[in-house]
Structures are given as C-alpha cells and as structure tokens.
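Coordinate inspection notes
Okay, here's what each chain looks like letter by letter:
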Amino acid sequence: MLLEKMTWAEVEEYLKKDDRIILVTASCEEHGFHIALGNDSITSYTIAGMLGEKCGVLVAPVLYYGMSTPLVDFPGTISLQTATFQAVVMDIISCLYRQGFRLVFVVNGHGENAPCLEAITPQALATFPGLQIKIRTWFTHPKVISMVEESFPRPDGHAGANETSVALYLRPDIVKLELAEGTAPKRQAIFYGPAEFRQAYPSGAQGVGIKKANAEFGKRVVDFILDTFGRHLDQW
C-alpha cells in the first residue's frame, strides 16, 4: 500500500476508513566498501512496505535524506542540516494532518535521525490537535541488539554485520560482501566530526565480523521487526 502508486481519489477513499500512515525516514550515506549509499532508505522502505501490506496501512514515500553530517567526507553522502531535516518532517506531517491522517508511525532507518525526530515530536503534537506519533528505529530495538550480540563477533556498528545481513535478505543486489572491511567501533559515530570519522574508519564501516553477515540472520531480524511493529500499529 504505497502512497506513491495511488491516485488522490484512492487515498481519499482510504481516509474514509483509516487515518494511519507509515512515514519512513532514512539517509543517503556511505556504508563501507560493500553496501550501496542508499541502503538505509532502500531497506527501511522495503520493511515499511511489508509492514503496510501486513497491517493494511498506507506507506508514504521515503525521506531519502537525513542527518548524516559525520559521514560527509565520504563521496556520495548527502546530509541535511538538523533544522532542515526537522522542517521537512514537520512540513510532511502538516500536509498529512490537513488531509485527515492522525496516526503517524515513523519507521526510522538512520541513527542520527532519531534524536532529531524526538526533539520535534512535542512541537508537532502541540501544533496539530489529535495527532499521535510513534517513532521506531528498527536496529536499536533491545531484542535486535541482543540477537546481534549472540550471533556475531563484537562490537558491531555502522554498516556492520547486522545492517549487512538485513540488506542481504531484502536487497542482495546492493551488497558486495566480498569487499567488506571494517574497524571495531571506538565510540558512537554521532560524536565524530567528518574528518575524524573518516580517519578512524577508513572503509566507512564499523565492525569486526562483517563477512559473517548472512541473509538467514537478516530474515530473522526482519521477521521480528514486522511482528513487533505490526503489533504496535494494530494497537492503534
């Protein structure tokens, strides 16, 4: 149930019976030598599409750009300023609200987006009476973290075994596993400046067991996310 493939009349008909919508926020940024720049957007939008079909909920087009400032020294990474990203999200919500959507379920596929989204949520709720927002970053769920820790050498981070496995399951065409090369994470990437990050992680990837990534593990993660997020949506 993708909004971009529907006519306005079909969306209007949907709104007569449902006011839920899934919004995907992601990024266009480096993911090491082995995963395409669009990974966050491609995989998160795929997950959202599967979730929408499972729950009968409309999915808005993916927001392909996010807050990726620490990674901008890698060619191809395109980042929005925090204020720009937040303003774009608010504009999207404003349009959706005007048309009758009241329950916005955000599937976030990029870590640095999360605090930006959380910061504007109180403003959005105060601006649009009756609006409800749920924000879910799929790879930070405690269960997913424990699954990764049990299955791969630690530590694992950006473009690591977890992200790579999910991409291998959903879109193997954007992965070149044989090129994977990572460095053990030292601290959260959000605290790095662009030059510092590229010096610390020459390949752009964080992790020591990336080549152990596999589609079977990716399927386990996606199945768990669909089940968990599906229950969150159905509870609305």
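Heads up: the structure comes first, above all this text.
So, a few notes on the structure that sits alongside this text.

Conventions used here
Residues numbered from 1 in each chain as written. Predicted model: local features only at pLDDT ≥ 70, side-chain atom pairs only at ≥ 80, totals over all residues. Heavy atoms only, no water. Buried < 20%, exposed > 50% of the residue type's maximum accessible area, 1.4 Å probe, protein only. Helix = DSSP H or I, 4+ residues; strand = E, 2+ residues; numbered from the N terminus. Contact = heavy atoms within 4.5 Å. Disulfide = S-S within 2.5 Å. Core = buried A, V, L, I, M, F, W, Y, C linked by side-chain atoms within 4.5 Å. Phe/Tyr/Trp six-rings, centres within 6.5 Å; stacked < 30°, edge-to-face > 60°. Lys NZ or Arg CZ within 6 Å of the ring centre and 35° of its normal. Patch = residues over 30% accessible without salt bridge, like charges linked within 9 Å, V, L, I, M, F, W, Y side chains within 5 Å. Areas by Shrake-Rupley, 256 points an atom, 1.4 Å probe, with all protein chains shown as cover. Salt bridge = Lys/Arg side-chain N within 4 Å of Asp/Glu carboxyl O. Pairing = 2+ DSSP bridges. Axes fitted to C-alpha atoms, helices over the stretch in contact; angles between N-to-C directions.

1. Regarding helix α6 (residues 161-170)
Counted residue by residue, α6 has nine buried out of ten residues, so it is predominantly covered. Contacts made by the buried residues of α6 are with α2 (39-55), α5 (142-151) and α8 (215-234).

2. Some points on the state of the cysteines
What the rule picks out here adds up to zero disulfides. Cys-28 takes part in no disulfide bond, and the closest cysteine sulfur, belonging to Cys-116, lies 17 Å away.

3. Brief notes about the nonpolar core
With 62 residues, the main nonpolar core has Ile-22, Leu-51, Leu-131, Val-221 and Ile-225 as its most contacted residues. Broken down by element, this core gets its largest block of residues, eight residues, from α8. By size, the runner-up hydrophobic cluster in this structure holds six residues, among which are Leu-71, Tyr-192, Phe-197 and Tyr-201.

4. Quick notes on the environment of Leu-125
Turning to its location among the elements, Leu-125 is positioned in helix α4 (residues 113-127). A C-alpha to C-alpha distance of 23 Å links Leu-125 and His-110, two positions 15 residues apart in sequence. In this structure Leu-125 touches Leu-131, Gln-132 and Ile-133, once residues within four positions along its chain are discounted.

5. Quick look at the packing of aromatic side chains
Applying the stated criterion across every chain, the model contains eleven aromatic pairs. Geometrically, the ring pair formed by Tyr-14 and Phe-101 is tilted, given 6.3 Å between the ring centres and 35° between the ring planes. Of the two residues, Tyr-14 sits in helix α1 (residues 8-15) while Phe-101 sits in the loop between α3 (82-99) and β3 (103-108), which places them 87 residues apart along the sequence. The burial state of Tyr-14 is the same as that of Phe-101; both residues are buried. Their ring planes at 65° and their centres at 5.7 Å tell us that Phe-105 and Phe-229 sit as a pair that is edge-to-face. Taken together, the residues Phe-105 in strand β3 and Phe-229 in helix α8 connect sequence positions 124 residues apart. One exposure class covers both Phe-105 and Phe-229, and it is buried. By the ring-pair criterion, three or more aromatic residues cluster together here, those being Phe-74, Tyr-192, Phe-197 and Tyr-201. If you follow Lys-186 out to its NZ or CZ, it ends over the ring of Tyr-201, 4.8 Å from the centre.

6. Topic: a nonpolar patch on the surface
On the surface, Tyr-64, Tyr-65 and Ile-78 cluster together to form a nonpolar patch covering roughly 250 Å² of accessible area. With respect to the element layout, Tyr-64 can be found in the loop between β2 (58-59) and α3.

7. Brief notes about the sheet that holds β2
Spatial strand order, β2-β1-β3-β4: four strands in an open sheet with parallel pairing. Of all the strands in the sheet, just β2 and β4 (132-137) have a single pairing partner and so form its edges. As defined by bridge partners, strand β1 (residues 20-25) adjoins β2 across two bridges and the pair is classed as parallel. Each residue of the ladder has a partner; that of Ile-21, found in β2, is Leu-58. Across the sheet, α2 touches β1, β2 and β3, and the angle it forms with β1 is around 170°.

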